[in-house]
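Letter by letter, the chains look like this.
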Amino acid sequence: MHSSFARLTLLTFAIGVSSLSAGNGTAAKEKPRPNVLFLAVDDMKDWVNCLGGYEGTVHTPNIDRLAKRGMLFTNAHCPSPKCAPSRAAIMTGLRPSTTGLYDNGHWWLPNLPDVVTIPVHFRNHGYRVVGAGKIFHHTAGNNPPNQWDDFFRLTFRNDPWFRSVKLNYPWSKSGPYPEGFPFSSVKGLGHENDWGSLDIPDKDYDDALSAGYAIRFLKQKQDRPFFLACGIYRPHLPWYVPQKFFDLYSLDEIRLPEVRDNDLDDVPEEGRKLAETRRSDLELIRDAGHWKHAVRAYLASISYADEQLGRVLDALDASPYAANTIIALWSDHGWHLGEKTHWHKSTLWEEATRVPLIISAPGHQPGVCDRPVSLLNLYPTLSELCGLEPIKFHDGVSIVPLLRDPQSKWNRPAVIEFRYGNAAVRSDRYRYIRYHDGGEELYDHETDPYEWKNLAASAEHAAIKTELAGWISKQWAESAPTKKSFHFDPDTFTWTHRKTGKTTSGKQR
Ligand SMILES: [Ca+2]
Ligand SMILES: [Ca+2]
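Structural notes, computed from the coordinates.

Parameters at a glance
Residues numbered from 1 in each chain as written. Chains lettered and ligands numbered in written order. Predicted model: local features only at pLDDT ≥ 70, side-chain atom pairs only at ≥ 80, totals over all residues. Helix = DSSP H or I, 4+ residues; strand = E, 2+ residues; numbered from the N terminus. Buried ≥ 20, exposed ≤ 12 C-beta atoms within 10 Å, placed from the backbone. Contact = placed C-beta atoms within 7 Å. Pairing = 2+ DSSP bridges. Axes fitted to C-alpha atoms, helices over the stretch in contact; angles between N-to-C directions. Core = buried A, V, L, I, M, F, W, Y, C linked by C-beta atoms within 7 Å.

Moving on: the overall build of the chain. The helix and strand inventory of the chain stands at 16 helices and 20 strands. Burial status across the chain gives 50% buried among its 509 residues. Put simply, 71% of the contacts in the chain that link residues at least 6 apart link residues at least 24 apart.

Moving on, we get to the sheet that holds strand S18 (residues 486-489). Across the sheet, which stays open at both edges, the 3 strands sit in the order S18-S19-S20 with antiparallel pairing between neighbours. The open sheet has two edge strands with one neighbour each: S18 and strand S20 (503-505). This sheet shows a mean twist of 20° between the axes of neighbouring strands, independent of strand direction.

Turning our attention to the nonpolar core. Generally speaking, nonpolar side chains in soluble globular proteins are found buried as a group. Core analysis: the largest hydrophobic core is formed by 127 residues, its most contacted members being Leu39, Ala214, Leu228 and Ala328. When residues in this core are grouped by element, the largest group, 13 residues, is from helix H12 (residues 291-317). Not counting chain neighbours up to four residues away, the residues in contact with Leu39 comprise Cys230, Leu309, Val312, Ile327, Ala328 and Leu329.

Another point: the pairing of strand S15 (residues 423-426). The side chains of a regular strand alternate, first on one face of the sheet and then on the other. Going residue by residue along S15, you find Ala423 and Val425 tucked away on one face and Ala424 and Arg426 tucked away on the opposite face as well. In terms of strand pairing, strand S14 (residues 414-417) meets S15 through 4 bridges, oriented antiparallel. Its bridge partner being in S15, Ile416 is matched across the sheet by Ala424. In this structure, the hairpin formed by S14 and S15 is closed by a connection of 5 residues, where Arg419 is found at a positive phi of approximately 55°. Here S15 runs beside strand S16 (residues 430-434); their pairing, made up of 4 bridges, is antiparallel. Paired with Arg426 across the strands is Arg431, a residue of S16. Here S15 hands over to S16 after 3 residues, the two strands then running antiparallel side by side.

Structure, rendered in structure tokens:
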């Protein structure tokens with residue numbers, strides 16, 4: 001039997017048994033369990049003021065104030081630098097190499113129907129679990145309704161890209177591009193890559209609606225502990241936000257990333273291939289003289305997301321739940337805005353993997369923690385903070401010890417995986433990358449924060465390379481079937497495997 005298949009079969013069985021015995025976690029009845037406010041942002045790199053990733057000024061007053069009341073992790077990394085695999089890993093606590101969910105086309109529900117996700121784990125322990133916006137990847141195979149007691153989906157009704165394509169989802173509407181498209185005036189960019197302000201009221205933007213859902217929930221009386229997830233879609237493309245957020249940034253003050261012409265000369269072939277993917281977007285933008293405009297649009301989108309988070313935080317503080325609610329804020333991965341001549345995500349370098357992570361928990365002091373941590377750790381951490389039964393199978397570890405003492409000993413690096421066989425390992429000081437064909441990179445962040453000088457061939461670093469390589473998965477699950485393998489019926493939320501005829505339903509509630 002294929003070893004990774006055997007591992008996953010064992011895991012599925014064990015989780016199935018575990019979920020049957022769950023639901024008896026009422027021992028701590030006299031002390032109410034804390035609520036969880038689970039805040040996600042999309043494609044937000046370390047360009048928030050409190051992390052200092054952007055060398056100019058970025059306006060993120062709400063993330064900054066959350067950082068002051070919680071633990072700010074300054075060396076946090078995504079499990080995978082792309083939406084669906086990162087979110088699937090965060091929500092299941094399992095690495096892509098365990099589940100085979102490596103890319104956006106891999107749908108977890110029809111492939112792993114028995115895995116217990118974070119909201120289901122909390123629901124099994126008596127929590128009301130609700131959410132809005134983008135928590136799982138938003139497509140139907142990645143965010144089925146049976147995961148939540150209630151969920152407010154992104155409507156995309158005002159995004160021209162989504163209006164212009166026919167999507168097979170019951171909640172999407174389609175129509176022609178609006179007049180004036182593309183608003184960025186950069187011709188030839190893919191339709192998702194536009195930026196500008198839409199001629200709609202601020203309250204009609206998708207993220208304002210998602211935040212509004214969370215705010216309404218917090219104003220209601222809740223009769224049991226809750227897990228409230230709010231997933232803000234910006235700064236994911238397209239960068240459409242109200243004009244006032246563009247106005248925060250003067251073009252003259254925009255700082256462009258420093259790029260070295262020969263930077264990729266010492267990068268192995270697989271790394272260069274990742275850098276080259278969709279480089280044409282960067283070239284179109286630069287050739288049009290709009291690089292600064294694009295960077296400004298990304299910054300404006302960050303500030304817009306920050307404002308929506310602030311609205312939800314204000315609602316929490318005005319509610320009776322403020323003193324007994326854990327807040328966790330994370331971004332699913334970072335982004336390149338020209339660094340290493342790359343545009344978009346989907347690389348194993350610092351720009352694509354370093355993310356904001358803040359956890360504010362009652363009874364824990366605020367602080368700053370520089371230890372390397374992975375967002376895979378969110379699931380076991382929240383489970384422990386709320387006193388739930390430990391989850392049986394996961395690839396992360398609880399970082400509650402770091403909430404107690406951010407300086408405590410911590411020898412575990414963050415591991416980032418991207419597609420089959422490619423991984424990065426980020427320690428306190430180093431980043432090691434190994435591609436599926438054996439190509440390697442090693443960077444020393446103490447002397448080279450921009451990862452310009454690849455030290456992988458240096459004999460004096462051989463021991464460090466070996467140590468970091470030891471954290472990479474030894475076995476990699478085969479890629480999960482893609483959505484093309486299934487026929488999806490949006491009316492019944494049922495997937496039928498085209499070859500085997502096996503069906504999986506997401507509509508169990
Ligand atoms: Ca994303
Ligand atoms: Ca280089």
